Amino acid sequence: MKSKITTSVHYKGSRHEIQIDNSKDLNKKLYFLLAATFMFITAKAQVINFPDPNLKTKLVQIVPMSLLAQDANGFYIAVDQNGDGEITTTEALRVKWLDIKNASITSLQGMEFFTNMRTLYCMDNNLTQINLPGHPALVALNANNNPALSSINVSGCNSLYSLALNNGNFTS
């Protein structure tokens, strides 16, 4: 005698059904179902490492009312969307426009994950270099008034048309 069990899994609006036709397959399919469910629940985006604590603090403190970050629709957003004190790759990809000026930032390391960003204001900081290769969406970068800024890499930023670097320490 064959038994038939139907199990439905609902995850973020999508529905998946697994049908088990006999008891021999029950253990295998049940194990698979549990493993798949566990992976959906525990899957998290990668947390970005920001070596400069001032940069991380600035990003985590940005909330919609601060008017310092926007998404693709032009809505002001919190960069740390879930409020856990960390910035994930998924959260970074939401940012299209960002203003991190006047925050004593010395390094933009970690910003390489903000690949959908179109505009970055990072003026009035303590940056010594800007290394943002591979940001194809970046159209405007303002890094004015970073007196120690002596090096910039924007290779691969093929859409970049506005670059402001006044009051840096460039020799050539």
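For the structure itself, look to the data block above.
Residues numbered from 1 in each chain as written. Predicted model: local features only at pLDDT ≥ 70, side-chain atom pairs only at ≥ 80, totals over all residues. Heavy atoms only, no water.

(A) Looking closely at the pattern of salt bridges. This model, assessed by the stated rule, comprises two salt bridges. When the shortest N-O distance is used, the salt bridge between Glu 86 and Lys 56 registers 3.0 Å. With Glu 86 in the loop between β3 (69-70) and α3 (89-94) and Lys 56 in helix α2 (residues 53-61), this residue pair connects regions lying 30 residues apart in the sequence. The exposure class of Glu 86 is partly exposed, given its relative accessible area of 26%. Accessibility expressed as a relative area gives 24% for Lys 56, which makes it partly exposed. Across the salt bridge formed by Asp 99 and Lys 101, the nearest N and O atoms sit 3.1 Å from each other. Judged by its relative accessible area of 7%, Asp 99 falls in the buried class. (Salt bridge = Lys/Arg side-chain N within 4 Å of Asp/Glu carboxyl O. Helix = DSSP H or I, 4+ residues; strand = E, 2+ residues; numbered from the N terminus. Buried < 20%, exposed > 50% of the residue type's maximum accessible area, 1.4 Å probe, protein only.)

(B) Quick peek at the sheet that holds strand β9 (residues 162-164). Read across the open sheet, the five strands follow the order β3-β4-β5-β7-β9; overall the sheet is mixed. The open sheet has two edge strands with one neighbour each: β3 and β9. Here strand β4 (residues 97-99) pairs with strand β5 (residues 119-121) via three bridges, running parallel. From the neighbouring strand, Leu 98 faces β5, where its bridge partner is Leu 120. (Pairing = 2+ DSSP bridges.)

(C) Representation of α2 within the structure. Within α2, burial applies to Leu 55, Lys 58 and Leu 59. Along the axis of α2, the buried residues cluster in a sector spanning 95°; they form a single face. Away from the buried face of α2 by more than 90 degrees, exposed residues Pro 53 and Gln 61 are located. Each element contacted by the buried residues of α2 is listed here: β4. Capping the start of α2, Asp 52 holds a side-chain oxygen 2.8 Å from the backbone nitrogen of Asn 54, two or three residues further along. (Arc of directions from axis to C-beta. Contact = heavy atoms within 4.5 Å. Polar contact = N/O pair within 3.5 Å; in protein donor to acceptor, adjacent residues only side chain to side chain.)

(D) Main features of the packing of aromatic side chains. Applying the stated criterion across every chain yields a total of two aromatic pairs. Ring geometry for Tyr 76 and Trp 97: centres 6.3 Å apart, planes at 80°, overall edge-to-face. In this pair, Tyr 76 is assigned in the loop between β3 and α3 and Trp 97 in strand β4, connecting sequence segments 21 residues apart. Judged by centre distance (5.8 Å) and plane angle (70°), the rings of Trp 97 and Tyr 121 are edge-to-face. (Phe/Tyr/Trp six-rings, centres within 6.5 Å; stacked < 30°, edge-to-face > 60°.)

(E) Representation of unusual backbone geometry in the model. Of note in the backbone geometry, Ser 104 takes a positive phi value of approximately 60° without being a glycine. Of note, Asn 145 is a non-glycine position whose phi angle comes to about 60°, a positive value. Topologically, Asn 145 is positioned in the loop between β7 (140-142) and β8 (151-153).

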